[in-house]
Amino acid sequence: MPAADGSAEEFRRRGHAVVVGASLAGLRAAETLREEGFAGTLTMIGDEPHEPYDRPPLSKQVLLGRTGAGDTLLPRRRALEARWLLGTAATGLDLAGRRVRLAGGEEVRYDRLLIATGTRARPWIKETEATLDGVLTLRTAGEAARLARRLDARPRRVLVIGAGFTGSEIASACRERGIDVTVAERGPAPLVGALGGVVGAVAAELHRAHGVDLRCGITVTALEGDQAGRLRCAHLSDGTVLEADVAVVALGAVRNTEWLAGSGLAAGPRGIACDAGCRAFDVHGIVTDDVFVAGDVARSPHPLFGYQFLSLEHWGNAVAQAEVAAHNMVSPGPERRPHLWLPAFWSAQFGVNIKSVGVPPMGRELAVVQGSLTERRFAAVYGHQGRVIAAVTFDHGRWLPFYGRLIESAAPFPPDFAQVDRAPGGPRPIPAEFPDPALPTHGPTVTLSGYAPSERRVTFVPARV
Amino acid sequence: MDLNRCEAYAQCAFQAPDVFAMHGEEALMYEPCPGDERREQVMRAAASCPVQAILVEWPGGPAVPEEAGTGARG
Ligand SMILES: Cc1cc2nc3c(=O)[nH]c(=O)nc-3n(C[C@H](O)[C@H](O)[C@H](O)COP(=O)(O)OP(=O)(O)OC[C@H]3O[C@@H](n4cnc5c(N)ncnc54)[C@H](O)[C@@H]3O)c2cc1C
Ligand code: SF4
């Protein structure tokens, strides 16, 4: 089968497309392949036993007990006519021979490959403590089912370790169900890695107003079990011992790239690097032409953000990147498209709709342009080198497309618009207060990285599991 | 549901109150896999959403709103 020779037409007619990772990005890519006239063989490889399902409801409706953890299957856009290898992990990749190795030892040949293996929850660092009964993580439907069952059993106290989006949503669900919850966050405020300290302070007020026992600047040093191996209490860095029967480790995600170790692909703990057309780089930084990447596992350069490689753990990115990757898999060179999606995400917590566009962690400064921080209803824009780089809204989501256009048109920062409800003179910019990038924080949803010209060598550090 | 698109117009909650509900002022909660008895409601909700944030699939006719079937994913 041709592929490297660029015969997209031949591939479209009778090639073999293999998708590894059968979740949001994998499914949407497969559908796009068919939509764009791919008539060849399609194989979907996924290590989870389930058909593709949606994750955002797992930390919202499912924990509230309104939806079963198994009831979030993704709606299909069209029939796929694919061979599904579910419950089957890919364990290796032979780039030269164009083969994916499977856990059972079988090999699957491909003409073009899409890798969409996403991420998994970062486990608790201490293995023996992580296996205590009552210590959980949340990423998959199975994990959501376990956590939902625990909440149904009305624990005396839940400890959430890490106040990123997932941790905050879990705390919110606990409070809504009247369950006592403590949140331990190493940083100075919830969401600080994703949105900065100013907005983080608003998030902290939200937690506290809803009765969360929020403890910032605190780390959990140990989890302790009883004789039967059930979680009993947690030791905090300030010396406190906190009794809890459930602890949810919400310390961000680990990219599922270990199976690519030694394959020659530029895959490591930070994801798989690819070009703007979703084609994977090999370890030499040379782009491949038959391996594509999409979703949470991808890192790709974005022209709007100085060509920095962005890893976006966002639902919308998985969909948009999957569509571009699939389009490029079946299209000849000149018809290929870049993935220029403007980053965007939403979160629902404590009854507030939090939305964002752009890349907030790039912003040094922030200006509140609508509403007010004290009311916890506002729109704020982030500035970087004199232009608008991102925006965030708390219950002001309708305005977000407007701010998205400002980002896309590199509008000046601080913004000066008369059309919004501000006093004359425009909003006053203040420091956005992102933590020092050298300090460890828990799971920012956007990771910026890029190689300075002086950095000649690329070293991949093995993932710390 | 593409909640990046959703602008909280609450049309869906009006058309299919058993399936969609506003949670607070703007956050939308929904039942991802409503039963077949909600089909009419869900179709009306999807059609009424001004920003096409609702994708519906009925077994037997993926993604085509007019198709018949039993049970849905939206
Ligand atoms: C609880 C939760 C809440 C969320 N809420 C929001 C939200 O409100 N808003 C938002 O924008 N985003 C949210 N997200 C993020 C969003 O769900 C992700 O961005 C999205 O799932 C990414 O899709 P993906 O297909 O790239 O990766 P994933 O969904 O991670 O899928 C990767 C798949 O590949 C499989 N896989 C991994 N390794 C292998 C292998 N070697 N062989 C075979 N299969 C493999 C995995 O098991 C998995 O099924 C949330 C995520 C979680 C977990
Ligand atoms: S009708 Fe559409 S925009 Fe309005 S709340 Fe429902 S999904 Fe959101």
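Just so we're clear, the structure is a prediction, and the values are computed from it rather than from any experiment. (Residues numbered from 1 in each chain as written. Chains lettered and ligands numbered in written order. Predicted model: local features only at pLDDT ≥ 70, side-chain atom pairs only at ≥ 80, totals over all residues. Heavy atoms only, no water.)

Trainee: How do you make sense of the sheet that holds strand 13 (residues 220-225) of chain A when you look at a structure like this?
Mentor: Remark on secondary structure: sheet strands pair via backbone hydrogen bonds, oriented parallel or antiparallel. All names here are of chain A. Strands sit in the order 13-14-15 across an open sheet of three strands; the sheet is antiparallel. Every interior strand has two partners, whereas the edge strands, strand 13 and strand 15 (241-243), have only one. Along the sheet, successive strands turn relative to each other by an average axial angle of 25 degrees, direction set aside. Looking at chain direction, strand 13 and strand 14 (residues 231-236) are connected through five bridges and run antiparallel. Within strand 14, the position partnered with L223 by the bridge is A234. (Pairing = 2+ DSSP bridges. Helix = DSSP H or I, 4+ residues; strand = E, 2+ residues; numbered from the N terminus. Axes fitted to C-alpha atoms, helices over the stretch in contact; angles between N-to-C directions.)

Trainee: Just to check I follow, could you spell out unusual backbone geometry for this structure?
Mentor: Trans peptide bonds make up the majority, and among non-glycine residues the majority have a negative phi. Residue and element names in this part refer to chain A. The peptide bond linking F413 to P414 adopts the cis configuration, its omega dihedral lying at 0 degrees. Its place among the elements puts P414 in the loop between helix 8 (400-408) and strand 29 (430-431). Look at L191: it is not a glycine, yet its phi comes out positive at around 60 degrees. Inspection of the secondary structure assignment puts L191 in the loop between strand 11 (181-185) and helix 6 (192-209). A positive phi angle, near 50 degrees, is found at A410, a position not held by glycine. With respect to the element layout, A410 can be found in the loop between helix 8 and strand 29. By relative accessible area, A410 is classed as partly exposed at 39%. (Buried < 20%, exposed > 50% of the residue type's maximum accessible area, 1.4 Å probe, protein only.)

Trainee: Before we go on, may I ask you to explain the UniProt feature "domain: Reductase C-terminal" (unreviewed entry) in chain A in this structure?
Mentor: Using the residue numbers shown here, the UniProt feature "domain: Reductase C-terminal" (unreviewed entry) corresponds to residues 345-416 of chain A. Counted over residues 345-416 of chain A, helix gives 12% and strand 50%. Its end C-alpha atoms are 25 Å apart. (UniProt positions renumbered as here; feature names shortened; annotations may be inferred.)

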